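What follows is each chain in one-letter form.
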Amino acid sequence: MGHAALSISSTGAAEEAQQNLLPLKSSSSSSEIFPAKSETEQQRDVDMQWRARFSFAFGVAATIVACIALAFAFFSHRYGNQTIPSFDSDSDSVVGRWGFARPLKSLNKPAVILISTDGFRYGYHWKVPLPNINRLRFNGTEAVPGMIPVYPSLTFPNHYSIATGLYPAWHGIISNVFTDPTSEEKFHPGIIDQKWWLGEPIWESVVRNGLIAATFFWPGSDVSKGLWNCSLPYCRHYNQSVPFEDRVDTVLAYFDLPEEQRPSLITLYFEEPDHTGHQVGADDPHISEAITRIDQMVGRLIDGLDAKNVFDDVSIILLSDHGMVGTCDKKIIYLEDFEPWISIPRDWADELSPVLGLRPPSDVDVKEVYQNITEALNSGKVANSEFLQVYLKEDLPARLHYSKSERIQPIIGMVAEGYKVEMKRSSAKECGGAHGYDNEFLSMHPIFIAHGPQFGSGRQIPSFTNIEVYNLIASILNIEGAANNGTFSLANTALLPSR
Ligand code: AMP
Ligand code: ZN
Ligand code: ZN
């Protein structure tokens, strides 16, 4: 019955099509068959010819435009510059464009290698060929333009935000160096007493979920806390003299262990290109050398994983904590210029630059200090005063999330990109690099590149704040994470659905 109905309707359609085509087919001999045409008819014919020509021209133009669009889509896909899908793009379009997650081939459960290359500013990859990092970029997913660090864009607050999904005011490591106002003790890099380190870092979450985590350095990873105990063979205490090659080889060796001893999460940390960036600034040939060295380490890791036949199964997240910007000694705000409005002793400044963090003693009125600083800055007598913005911490822009901790100093000064604060003038005239500035500056954005079975190939996603990385890793490993300041927008957008 259904078949008959189909054949009737298709026959009808064929007949109709044939009828429409007949006059056109016979048009060459139309004068012999049909009587002569009137003027109006001739005019109509001319009109129709023009219409036909116009339609033809329009068709050709549309075809050319379509070809250009197709070529553009092909090449932008090939080179990873395709239109950036927004975070709220629905999963259907993600599937359509990026396909499904690849099933694991050699491993029985997911594994994540989280690599931090300190101070790797977004855009360094344009300076010099980086074949190994580009292999991850072109076959993986990259944040463009980079990832957004938390404020202040310093090493310790950012590494610990990546590890916990918390803003510094929540995880407690509000800077590289600061004073606890209650105990009056000082924090600085190297302090591993757990009382400073709040929140649950991802290595602790992994262990809490019954899996194994390993860390080859990460700020906070050598703090024994909860179920996490920093000891061999899965954790070692920070020692910057360990050669980069040894760090990579140790990570690779974990994949030779029997499955029940193999870590699900491994962190790997390199001090470069931050170290070089501080010495020479962001735009110097030495930076190219430093990033080439990191590229070689990435190559060593990829080749090692390839040789063990697990490269396709491992999720590699290559990121950094912040960017870097050049500084030079003519871009300085001197606190000595604030006199006679106010004299600021050095020990009020918990931090000086690029974050000016002032904590006057308890018998000094903070609001009065702030007023006096504001008057000094508005006086026209302080050199470069327009490049320093001072706030009571509760008045800082909400986007910085930098007020809800006793450890944050009551008065915060933010300097313009590339500027520094110093106590007084000296004869030193140096140029170098710094970070710690407003996290909105593009120069402070670090890289984020992710490669693995759940990441689209040659895909670009919009920038996101690094507090999203915790939930991303928890999702890849399929573990229950701890409460944090992040959302699941990165995990939902960047991770491809399983079939
Ligand atoms: P920054 O002053 O913000 O540039 O900090 C970068 C420095 O932090 C690096 O040069 C490292 O020497 C140091 N660093 C990195 N990780 C650790 C760690 N886990 N423990 C102590 N210091 C570290
Ligand atoms: Zn750093
Ligand atoms: Zn640094």
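Up top you'll find the structure we're talking about.
Residues numbered from 1 in each chain as written. Chains lettered and ligands numbered in written order. Predicted model: local features only at pLDDT ≥ 70, side-chain atom pairs only at ≥ 80, totals over all residues. Heavy atoms only, no water.

## Description of the pairing of strand β5 (residues 213–216)
Here is the rule: Remark: exposure states derive from per-residue accessible area (1.4 Å probe, protein chains only) relative to the maximum for the residue type, with buried under 20%, exposed over 50%, and partly exposed in between. Labels follow the DSSP assignment, with helices taken as runs of H or I lasting at least four residues and strands as runs of E lasting at least two, numbered in each case from the N terminus. Think of it like this: strands point away, you trace from the first strand over the helix to the second, and a clockwise trace means the crossover is right-handed.
Side chains of β5 alternate between two faces, with Ala213 and Thr215 and Ala214 and Phe216 buried alike. Assessed by its sense of winding, the connection that carries the chain from β5 through helix α9 (residues 244–253) to strand β6 (residues 265–270) is right-handed.

## What about the packing of aromatic side chains?
Both the distance between ring centres and the angle between the ring planes are used here to describe each pair of aromatic rings. To keep it simple, the criterion reads: Centres within 6.5 Å make a pair out of two Phe, Tyr or Trp rings, where for Trp the six-membered ring is used; the pair is then stacked when the planes are under 30 degrees apart, edge-to-face when over 60, and tilted otherwise.
As enumerated under the stated definition, the model contains 19 aromatic pairs in all. The interplanar angle of 55 degrees and the centroid separation of 5.7 Å between the aromatic rings of Phe120 and Tyr124 together place this pair among those described as tilted. By the burial criterion, Phe120 is buried, and Tyr124 matches it. Taking the centre distance of 4.9 Å and the plane angle of 85 degrees together, the rings of Phe448 and Phe464 count as edge-to-face. With Phe448 in strand β16 (residues 448–451) and Phe464 in the loop between β17 (459–462) and α13 (469–477), the pair connects residues that are 16 residues apart, well separated along the chain. The pair formed by Phe448 and Phe464 is uniform in burial state, with each residue classed as buried.

## Regarding the sheet that holds strand β10 (residues 349–351)
Basically, it comes down to this: Criterion used throughout: strands pair if DSSP finds at least two bridges between them. Axis lines are fitted to C-alpha atoms, over the contacting stretch for helices. Their N-to-C directions set the angle, which ranges from 0 to 180 degrees. By definition in these notes, contact holds between two residues if any of their heavy atoms fall within 4.5 Å.
Spatially, the four strands line up as an open sheet ordered β10-β11-β13-β12, and their pairing is antiparallel. Both outer strands of the open sheet, β10 and β12 (388–392), are each paired with one neighbouring strand and no more. On average, each strand axis in the sheet is tilted by 25 degrees relative to the strand beside it, whichever way the strands run. Sheet topology note: the β12/strand β13 (residues 411–415) ladder contains five bridges and is antiparallel. Across the sheet, the residue bridging to Leu388 is Val415, located in β13. The sheet contacts of helix α12 (residues 366–378) involve β11 (355–358), β12 and β13, and relative to β12 the element is tilted by about 160 degrees.

## Comments concerning the site of ligand 1
The cut-off we apply is this: For this description, a residue counts as near a given molecule or strand if any of its non-hydrogen atoms is within 4 Å of it. Nitrogen and oxygen atoms within 3.5 Å of one another constitute a polar contact, given that in protein one can donate a hydrogen and the other can accept it, and given that sequence-neighbouring residues count only through two side-chain atoms. For the area figures, the Shrake-Rupley method with a 1.4 Å probe applies, and any residue is considered shielded solely by the protein chains shown.
As a structural note, the neighbourhood of ligand 1 is formed by 15 residues, with Thr155, Asn176, Tyr238, Asp274 and His278 the closest of them. Thr155 is positioned such that a nitrogen or oxygen atom in its side chain is 2.5 Å from an oxygen atom of ligand 1. A distance of 3.0 Å separates an oxygen atom of ligand 1 from a polar side-chain atom of Tyr238. Protein coverage of the free-state accessible area of ligand 1, which is 510 Å², stands at 81%.

## Here's the deal with the nonpolar core
The condition is simple: The nonpolar core is taken to be a set of buried Ala, Val, Leu, Ile, Met, Phe, Trp, Tyr and Cys residues, with the residues joined through side-chain atoms within 4.5 Å.
Trp203, Leu265, Ile317, Leu319, Phe448, Leu472 and Ile473 are the most contacted members of the largest nonpolar core, which has 54 residues in total. Secondary structure elements with two or more residues in this core: β1 (111–117), α6 (155–164), α8 (202–208), β7 (314–319), β13, β16, α13 and α14 (489–494). In terms of residue count, α13 provides more of this core than any other element does, seven residues in total. Here Leu472 is in contact with Ile317, Phe448, Phe455, Leu490, Ala491, Ala494 and Leu495, once residues within four sequence places are set aside. Core analysis: the next-biggest nonpolar cluster, separate from the first, contains 43 residues, Leu107, Ile113, Leu136 and Val248 among them.

## A word on the pattern of salt bridges
Just so we agree on the cut-off: Every case where a carboxyl oxygen of Asp or Glu lies within 4 Å of a side-chain nitrogen of Lys or Arg is listed as a salt bridge.
The tally for this structure, following the rule as stated, stands at 21 salt bridges. Across the pair Asp329 and Lys420 runs a salt bridge, and its minimum N-O distance is 2.8 Å. With Asp329 in the loop between β8 (325–328) and β9 (332–334) and Lys420 in strand β14 (residues 420–422), this residue pair connects regions lying 91 residues apart in the sequence. Judged by its relative accessible area of 17%, Lys420 falls in the buried class. When the shortest N-O distance is used, the salt bridge between Arg399 and Asp438 registers 2.8 Å.

## Observations concerning the coordination of the zinc ion (ligand 2)
The condition is simple: Any N, O or S atom lying within 2.8 Å of the metal counts as a donor, and for Na, K and Ca the limit rises to 3.2 Å; water is left out, so some sites can look incomplete.
Protein ligation of the zinc ion (ligand 2) involves Asp118 (OD), Thr155 (OG1), Asp321 (OD) and His322 (NE2), the donor distances falling in the range 1.9 to 2.1 Å. All donor residues of the zinc ion (ligand 2) come from one chain, and their arrangement in sequence is D-x36-T-x165-D-H. Taken as a pair, the zinc ion (ligand 2) and the zinc ion (ligand 3) lie 4.2 Å from each other. Of this pair, Thr155 sits in helix α6 while Asp321 sits in the loop between β7 and β8, placing them 166 residues apart in sequence. According to the relative accessible area criterion, Thr155 is buried, its value standing at 9%.

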